[in-house]
Amino acid sequence: MRTARKRRRIPQKLMAERMLVSVQTLQRLEAGDPTVGLAALASALFVLGMTARLETLVAPETDRVGTSEEIGRLPHSIHTPRRDDPLDF
């Protein structure tokens, strides 16, 4: 985050103002403090013109844990329907 801000030559004070947060919150965000809220991160990405990063952050295809959980819930075996089943088309 800090590198992206510096590349754009945006001072911390101006960046914080555009994000509607304090300079201290921006400093914590740039330091990687995990207690900084997601809203501050989203705001920083917006100010930097990097909101496309948010799309990939929560994209289902990049959710390895969720995919693993989903695969784990699949049935272990599948039975063929009986021929006398009235719902068999």
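This text goes with the structure placed above it.
K.L.:
Explain the pattern of salt bridges here, please?
P.N.:
Between side chains of opposite charge, a pair can form when the charged atoms approach closely. Scanning all chains against the criterion turns up four salt bridges. Here Asp-33 and Arg-28 are joined by a salt bridge, their closest N and O atoms 3.1 Å apart. It is possible to trace a salt-bridge network through shared partners that takes in Arg-2, Arg-5 and Glu-30.

K.L.:
I tried to follow the nonpolar core on my own but got confused; where do I start?
P.N.:
Generally speaking, nonpolar side chains in soluble globular proteins are found buried as a group. Within the largest apolar cluster, 14 residues are counted, with the highest numbers of intra-cluster contacts made by Met-15, Met-19, Leu-26, Leu-29, Ala-44, Leu-48 and Met-50. Counting only elements with at least two residues in this core, the list comes to helix 2 (12-19), helix 3 (23-31) and helix 4 (38-47). Every residue in contact with Leu-26, bar those within four places of it in the chain, is listed here: Arg-5, Gln-12, Met-15, Ala-16, Met-19 and Val-21.

Calculation criteria
Residues numbered from 1 in each chain as written. Predicted model: local features only at pLDDT ≥ 70, side-chain atom pairs only at ≥ 80, totals over all residues. Heavy atoms only, no water. Salt bridge = Lys/Arg side-chain N within 4 Å of Asp/Glu carboxyl O. Core = buried A, V, L, I, M, F, W, Y, C linked by side-chain atoms within 4.5 Å. Buried < 20%, exposed > 50% of the residue type's maximum accessible area, 1.4 Å probe, protein only. Helix = DSSP H or I, 4+ residues; strand = E, 2+ residues; numbered from the N terminus. Contact = heavy atoms within 4.5 Å.

None of the figures reported here should be taken as evidence of function without further support.
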